[in-house]
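# A closer look at the structure
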Amino acid sequence: MKIGAVSDHRTREGGAIIYPVYSRRSRGLSVGINLFPDRKLCSFDCPYCEVFPFRTDIVFSVDTMKTALSSCLREAAENGETVKDICFSGNGEPTLSPEFPEALETAKALRDEFSAGAKLVLITNGTGLLDDRTFSVLAAAAKRDSGLHIWLKLDAGTEAWYREIDRSDIPFKRLTGAFTAFAAQGSPFTLQTMICRVNGVLPPPEEEAAWLDLAAALADTSEKAGGGIRSVQIYGKVRPAPEDPLTEPVPRETLDRRAALLNETLECAGIAARAEVF
Ligand code: SF4
């Protein structure tokens with residue numbers, strides 16, 4: 001696909017609402033939906049965040065999204081391109097937008113019309129699960145046939161590392177309590193964990209142990225409720241961030257080792273979920 005032809009030549013930080021990219025994690029063409037074309041809006045302040053400061057006058061609306069997304073998906077179909085996924089991501093936490101529920105329904109309808117094989121994905125830090133209405137929207141959307149794939153950020157196992165790597169004011173226990181409640185209602189989801197150095201420091205051993213316990217407990221709860229964790233995606237820092245060099249990449253072996261430790265834990269506990277490195 002001529003990437004850009006379908007995104008009116010804007011970048012995500014230049015006000016694009018729809019931005020097609022070739023994604024390593026999607027293993028093909030991913031069409032991004034950005035609910036915040038005018039400014040970053042997030043409930044986390046991750047030091048590795050790749051969104052550089054920007055400001056535009058472009059206002060998000062579901063109608064504008066619908067026009068741009070249908071044009072993008074139609075063009076992909078005409079060019080014989082396979083769209084692997086349609087992904088809510090963009091300049092912040094998608095569930096913070098009051099228009100997210102309507103945007104989700106619209107994207108699903110367009111996916112069904114133009115790219116029935118494409119997954120519908122939400123990349124989220126999970127703070128939306130603290131809101132009852134958003135919790136219900138996500139639970140219902142994830143349960144449907146060919147429904148929403150939720151990629152839930154779990155960067156830490158302890159409050160201390162969470163404070164370093166996600167820098168949120170929301171208490172860690174409160175957030176992971178919502179994750180557990182979500183797992184317990186039986187919708188499948190994916191966990192995503194960034195491993196990097198923060199201020200020159202690697203996640204300490206007690207953090208690693210707590211993360212292993214927490215990821216395994218979430219997978220266990222989810223499986224027992226009939227959902228299950230599709231995958232635990234472990235990834236490292238590969239792109240520049242505005243706060244570089246506050247965070248730094250770790251060697252690939254560090255990521256592989258973490259995945260192997262979790263897989264050992266899951267296997268010993270008879271849990272089907274598996275970790276993989278991206
Ligand atoms: S949750 Fe995502 S958008 Fe928000 S600060 Fe972290 S990396 Fe950036």
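## Quick look at the site of the ligand
- What surrounds the ligand is the set Lys 40, Cys 42, Phe 44, Cys 46, Tyr 48, Cys 49, Gly 92, Asn 125 and Lys 153.
- Judged by the fraction of its atoms near the pocket grid, the ligand is located in the largest pocket.

## Quick word on the nonpolar core
- The biggest cluster of nonpolar side chains holds 79 residues, and the ones touching the most others in it are Ile 33, Met 65, Leu 69, Phe 88, Leu 191 and Ile 234.
- Residue contributions to this core peak at 7 residues, all from helix H6 (residues 205-224).
- When we break this core down by domain, the ones giving at least three residues each are domain 1 (1-152) and domain 2 (154-278).
- With near-sequence residues (within four places) excluded, Ile 234 lies in contact with Thr 193, Ile 195, Trp 211, Leu 255, Arg 258, Ala 259, Ala 275, Glu 276, Val 277 and Phe 278.

## Concerning the sheet that holds strand S1 (residues 18-23)
- Sheet architecture is open: 8 strands sit in the order S1-S2-S3-S4-S5-S6-S8-S10, paired in mixed fashion. Here the strands that pair on one side only, and so sit at the sheet edges, are S1 and strand S10 (275-277). Recorded for the sheet is a direction-independent mean angle of 25 degrees between the axes of neighbouring strands.
- Bridging between strand S8 (residues 229-236) and S10 involves 3 bridges; their strand directions are parallel. From the neighbouring strand, Ile 234 faces S10, where its bridge partner is Val 277.
- Across the sheet, helix H2 (residues 100-114) lies against strand S2 (28-33), strand S3 (83-88), strand S4 (119-124) and strand S5 (148-153), angled at about 155 degrees from S4, the strand it touches most.
- Here H6 sits on the sheet and contacts strand S6 (189-195) and S8; the angle it forms with S8, its principal contact strand, is near 155 degrees.

## Remarks on the side chain of Ser 115
- The topology assignment puts Ser 115 in the loop between H2 and S4.
- Non-local contacts of Ser 115, meaning those with residues more than four positions away in its chain, are made with Leu 73, Val 83 and Leu 110.

## So, the confidence of the model for the chain
- Taken residue by residue, the chain gives an average pLDDT of 93. The fraction at 70 or more is 95%.
- Between residues 1-9, whose pLDDT stays under 50, and residues either more than four places distant or in other chains, the model counts 22 contacts.

## Quick word on the layout of surface pockets
- Counted as a void, the largest pocket has a volume near 1100 Å³.
- Together, 40 residues line the largest pocket, and Arg 12, Glu 50, Ser 89, Ile 123 and Arg 239 are the ones closest to its centre.
- If you list the elements that add at least two residues to the lining of the largest pocket, you get S1, S2, S3, S4, S5 and S6.
- At 5 residues, S1 tops the list of elements feeding residues into the lining of the largest pocket.
- Counted by class, the lining of the largest pocket contains 18 nonpolar, 12 polar and 10 charged residues.
- When residues of the lining of the largest pocket are assigned to domains, at least three fall in each of domain 1 (1-152) and domain 2 (154-278).
- Looking at the second largest pocket, its volume works out to about 240 Å³.
- If you go around the second largest pocket, you meet 16 residues; those closest to its centre are Arg 25, Arg 27, Lys 119, Trp 151 and Gln 233.

## Things to note about the packing of helix H3 (residues 132-143) against helix H5 (residues 172-184)
- Closest axis-to-axis distance for the H3/H5 pair is 11 Å, and the angle between their directions is 35 degrees. The hand of the H3/H5 crossing is right-handed. Across the interface between the two elements, Phe 135, Leu 138 and Ala 139 from H3 touch Ala 178, Ala 181 and Phe 182 from H5.
- When grouped by side-chain class, the residues that make up the contact of H3 with H5 number 6 nonpolar, no polar and no charged.

## Here we look at H5
- Along its 13 residues, H5 runs 18 Å from first to last C-alpha, staying within 8% of the 18 Å computed at 1.5 Å per residue.
- Inspection of H5 places Phe 172, Leu 175, Thr 176, Ala 178, Phe 179, Phe 182 and Ala 183 among the buried residues, and these make up the whole buried set. Along the long axis of H5, the arc covered by the buried residues comes to 150 degrees, so they all point the same way.
- Against the buried residues of H5 lie H3, S5, helix H4 (159-165), S6 and H6.

## Details of unusual backbone geometry
- Between Asp 244 and Pro 245 the backbone carries a cis peptide bond, its omega angle lying at 5 degrees.
- Inspection of the secondary structure puts Pro 245 in the loop between S8 and strand S9 (247-248).
- Here the phi dihedral of Arg 167 falls at roughly 45 degrees; this positive angle occurs in a residue that is not glycine.
- Take Arg 167: its relative accessible area is 27%, and that puts it in the partly exposed class.

Parameters and conventions
Each chain carries its own residue numbering, running from 1 in the direction its sequence is written. The predicted nature of this model means local features are confined to residues of pLDDT at least 70 and side-chain atom pairs, given and counted, to a pLDDT of 80 or more, with totals for whole chains, interfaces and linings taken over all residues. Hydrogens and water are ignored here; the side-chain numbers use all heavy atoms of the structure. We call a residue near a given molecule or strand whenever any one of its heavy atoms falls within 4 Å of it. Buried and open spaces are told apart on a 1 Å grid over the protein atoms alone, a cavity being a set of points where a 1.4 Å probe fits but cannot get out and a pocket being an open set with protein on both sides within 12 Å along at least five of seven lines. Residues with an atom within 4 Å of a point are the lining residues. Just a note on the criterion: a molecule sits in a pocket or cavity if more than half of its atoms are within 2 Å of the grid points. The term nonpolar core refers to a set of buried residues drawn from Ala, Val, Leu, Ile, Met, Phe, Trp, Tyr and Cys, joined through side-chain atoms within 4.5 Å. Remark: exposure states derive from per-residue accessible area (1.4 Å probe, protein chains only) relative to the maximum for the residue type, with buried under 20%, exposed over 50%, and partly exposed in between. In this text, helices come from DSSP runs of H or I with a minimum length of four residues, and strands from runs of E with a minimum of two, each type numbered from the N-terminal end. Segmentation of the chain into domains, including their bounds, is taken from an automatic or database domain assignment. Here, residues are in contact when the closest pair of their heavy atoms is within 4.5 Å. A pair of strands counts as paired when DSSP detects no fewer than two bridges linking them. Axes here refer to lines fitted to C-alpha atoms; in helices the fit is confined to the stretch in contact. Angles between the N-to-C directions go from 0 to 180 degrees. The predictor rates its confidence in each residue with pLDDT, a number between 0 and 100. Grid points are joined across faces, edges and corners, and a volume is the space filled by probe spheres set on the points. Residue polarity follows a fixed list, in which Ala, Val, Leu, Ile, Met, Phe, Trp, Tyr, Cys and Pro are nonpolar, Asp, Glu, Lys and Arg are charged, and the others, Gly among them, are polar. Crossing handedness is read from the near helix: turned anticlockwise from the far helix by less than a right angle, it gives a left-handed crossing, and turned clockwise, a right-handed one. The span expected for a helix works out to 1.5 Å for each residue beyond the first. Note that the arc is computed from the directions linking the helix axis to the C-beta atoms.

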